[in-house]
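# Topology and contacts: notes
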Amino acid sequence: MFNDIGALELLTLVVLAVLVFGPEKLPKVIQDVTRTIRKIREFSDSAKEDIRSELGPQFKDFEFEDLNPKTFVRKQLMDGSDDLGLKEIRESFDLRKEMAEVTDAVNGRESASSNGPAATEGSKPDLLKKPAQPAKDERPPFDADAT
């Protein structure tokens, strides 16, 4: 919760607390706040245990953190059983490799992953290759729907 508080912010909070409550009342306020936080934690833990005991043994591995949608999705899609094949898709998709191939094609270099022109002919079209010019007496293809 307070992971992003730096030293300067903490020092500012301490100075502000001393100014608001005074040096005489500050220890008492800190004790009251810590006692209240401890009571809230105890109440929360006892409520969780009551809910777990009421749910029964079939929910023995139930965690309240799973009710958070982010945690639920992460647990079901990333860690759980891979019914949808997402792990293979995630591992097969390499954005850096794809971007390097596109960059090489734009710059006119041979891709590092291809093994010469024979590898690109069967799998991927060469975007830099100019189309062959038709012979002078050959007519371009006619598309009746386009006219």
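About the thresholds
Residues numbered from 1 in each chain as written. Predicted model: local features only at pLDDT ≥ 70, side-chain atom pairs only at ≥ 80, totals over all residues. Heavy atoms only, no water. Helix = DSSP H or I, 4+ residues; strand = E, 2+ residues; numbered from the N terminus. Buried < 20%, exposed > 50% of the residue type's maximum accessible area, 1.4 Å probe, protein only. Areas by Shrake-Rupley, 256 points an atom, 1.4 Å probe, with all protein chains shown as cover. Polar contact = N/O pair within 3.5 Å; in protein donor to acceptor, adjacent residues only side chain to side chain. Salt bridge = Lys/Arg side-chain N within 4 Å of Asp/Glu carboxyl O. Expected span 1.5 Å × (residues − 1). Bend = angle between axes of the 7 residues up to and from the residue. pLDDT = per-residue confidence, 0-100.

Turning next to the overall build of the chain. Within the chain one finds five helices and zero strands. Of the regular secondary structure in the chain, the N- to C-terminal order runs α-α-α-α-α. Scored against the burial criterion, the 147 residues of the chain give a buried share of 7%. When the accessible surface of the chain is split by element, carbon and sulfur atoms take 60% of a total near 13,800 Å².

Take the environment of T12 next. Along the polypeptide, T12 turns up in helix α1 (residues 7-55). Separated by 2.8 Å, the side chain of T12 and the backbone oxygen of L8 make a polar contact.

Summed over all chains, the structure comprises four salt bridges. The residue D32 makes a salt bridge to K28 at a minimum N-O spacing of 3.4 Å. Placement of both D32 and K28 in helix α1 is noted, with a separation of four residues, approximately one turn of the helix. Take D32: its relative accessible area is 29%, and that puts it in the partly exposed class. By relative accessible area, K28 is classed as partly exposed at 47%. The partner of R35 in a salt bridge is D32, with the nearest N and O atoms 3.1 Å apart. A residue pair is termed a helical-turn pair when its members lie 3 or 4 positions apart in one helix, as R35 and D32 do in helix α1 at three residues. Each member of the salt-bridge network shares a partner with another, and the members are K28, D32 and R35.

Three- or four-residue spacings in an α-helix give side chains the same orientation, since the helix completes a turn every 3.6 residues. Spanning 13 residues, helix α4 (residues 95-107) covers 18 Å between terminal C-alpha atoms, matching the ideal 18 Å at 1.5 Å per step. A positive phi of about 80 degrees marks G108, the residue just after α4.

A few words on α1. Helix length check: α1 (49 residues) gives 44 Å between terminal C-alpha atoms against 72 Å at 1.5 Å per residue, more than 12% under. The largest bend along α1 reaches roughly 100 degrees and is located at G22, with the proline P23 sitting one to four residues downstream.

Turning next to the confidence of the model for the chain. Looking at the chain as a whole, the pLDDT averages 78, with 78% of positions reaching at least 70. Of all helices and strands in the chain, the one with the weakest mean pLDDT is helix α5 (residues 117-123) (49), whereas α1 scores best (91).

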